[in-house]
Amino acid sequence: MKGIILAGGSGTRLYPLTLVTSKQLLPVYDKPMIYYPLSVLMMAGIRDILLVSTPEDTPRFRELLKDGERFGVHLSYVVQERPDGLAQAFLLGESFLGGEASCMVLGDNLFHGDGLTSLLRKALLRAEKDNQATVFGYSVKDPERFGVVEFDSEGRPERIVEKSPHPQSNVAVTGLYFYPAGVSRRARSLRPSARGELEITDLNNLYLQDGRMHVQVFGRGFSWLDTGTMDSLFDASNFVKAVEDHQDRMICCPEEIAFQNGWIEKEVLLASGKAMEKSDYGRYLLKVAKGRDER
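Residues numbered from 1 in each chain as written. Predicted model: local features only at pLDDT ≥ 70, side-chain atom pairs only at ≥ 80, totals over all residues. Heavy atoms only, no water.

**A word on the packing of helix α1 (residues 35-43) against helix α5 (residues 116-130)**
Each pair of packed helices can be described by the angle between their axes along with the distance between the axes.
So, point 1. It is the contact of α1 with α5, at a shortest axis distance of 8 Å, that shows an interaxial angle of 65 degrees. The orientation of α1 with respect to α5, classified from their angle, is roughly perpendicular. Residue-level contacts link V40, M42 and M43 of α1 to L116, T117, L120 and R121 of α5.
So, point 2. Among the residues making up the contact of α1 with α5, the classes are represented as five nonpolar, one polar and one charged. (Axes fitted to C-alpha atoms, helices over the stretch in contact; angles between N-to-C directions. Helix = DSSP H or I, 4+ residues; strand = E, 2+ residues; numbered from the N terminus. Parallel < 35°, antiparallel > 145°, perpendicular 65-115°, else oblique. Contact = heavy atoms within 4.5 Å. Nonpolar A, V, L, I, M, F, W, Y, C, P; charged D, E, K, R; others polar.)

Okay, structure coming up:
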């Protein structure tokens, strides 16, 4: 399976913070925002990843992440000239995907919870082995702001409705999507919406209509944060700080995940830590490399 991180857009809701940099390069407490979606793909076991961004920001992501070697992954980049909808990522990444199953995660979404890795890997197998797509739902108090899943009388997902003024459920669709092989072909069949975009909701409804869409609703103990506004960015930073302070472990540290997955050697982790040892982040990597029993 291959992964896509969609990190485009102009971040206008975060002006003036985003006047000179990408939203996904802003800090969420102790690391760049882009580390969080990258970590989700890595937790799923995905190592071949495409980052989609704007002409201005793509070089900045390349400077930060490079080819992904220190994370044990292979990173490629493609420019999205105009933000013409989330589903456009599958057209821009068609040659990269090469017809394989894929997972796309939005660059401003943060996911956390015990058992997340297991859910991600089940979705991966569902796409690769069962030819089934998966979206992740999350119960929200303001469903009219989101695309929401509507269920039939027996609790089966029936359709996804985008920002309905009268939503029939409070299960919002998060920015994490798994698709079987051939998603680019399906995305190519979409027609632009009234706002001129290729909507991810339309793509998901195609799979629902075919009976090939699984809706995995996150339960208690899981957190999903969208960091696209000043308040949500602040809340996400406070959330990460609170969790990390209590458990003495970082949330979404790509180098640590790579080391745990056996994708990088101890020497690589030590080198990364020593290069940043004046920061808390660098010292954390050194502790991970030396083993938790030495903390």
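**Points about the packing of aromatic side chains**
So, point 1. Counted under the stated rule, the structure contains 11 aromatic pairs.
So, point 2. With centroids separated by 5.2 Å and ring planes inclined at 85 degrees, the aromatic side chains of F90 and Y179 adopt a geometry described as edge-to-face. Of this pair, F90 sits in helix α3 (residues 89-92) while Y179 sits in strand β11 (residues 171-179); the two residues are 89 residues apart in sequence, bridging distant segments of the chain.
So, point 3. We classify F90 as buried; its relative accessible area is 0%.
So, point 4. With relative accessibility at 0%, the residue Y179 sits in the buried group.
So, point 5. Among the aromatic residues, those joined into a ring-pair cluster are F111, F136, F178, F218 and F222. (Phe/Tyr/Trp six-rings, centres within 6.5 Å; stacked < 30°, edge-to-face > 60°. Buried < 20%, exposed > 50% of the residue type's maximum accessible area, 1.4 Å probe, protein only.)

**Points about the pattern of salt bridges**
So, point 1. Within this structure, the stated rule accounts for 19 salt bridges.
So, point 2. With its nearest N and O atoms 2.9 Å apart, the salt bridge here joins K23 to D108. Of this pair, K23 sits in the loop between β1 (2-6) and β2 (27-28) while D108 sits in the loop between β6 (102-106) and β7 (109-112); the two residues are 85 residues apart in sequence, bridging distant segments of the chain. Each of the two residues, K23 as well as D108, counts as buried.
So, point 3. Close ionic contact of K31 with D30 constitutes a salt bridge, the shortest N to O distance being 2.7 Å.
So, point 4. Accessibility expressed as a relative area gives 23% for D30, which makes it partly exposed.
So, point 5. Several salt bridges converge on common partners, so that one network encompasses K2, D48 and E100. (Salt bridge = Lys/Arg side-chain N within 4 Å of Asp/Glu carboxyl O.)

So, to be careful, I would describe these as geometric facts and stop short of saying anything about function.
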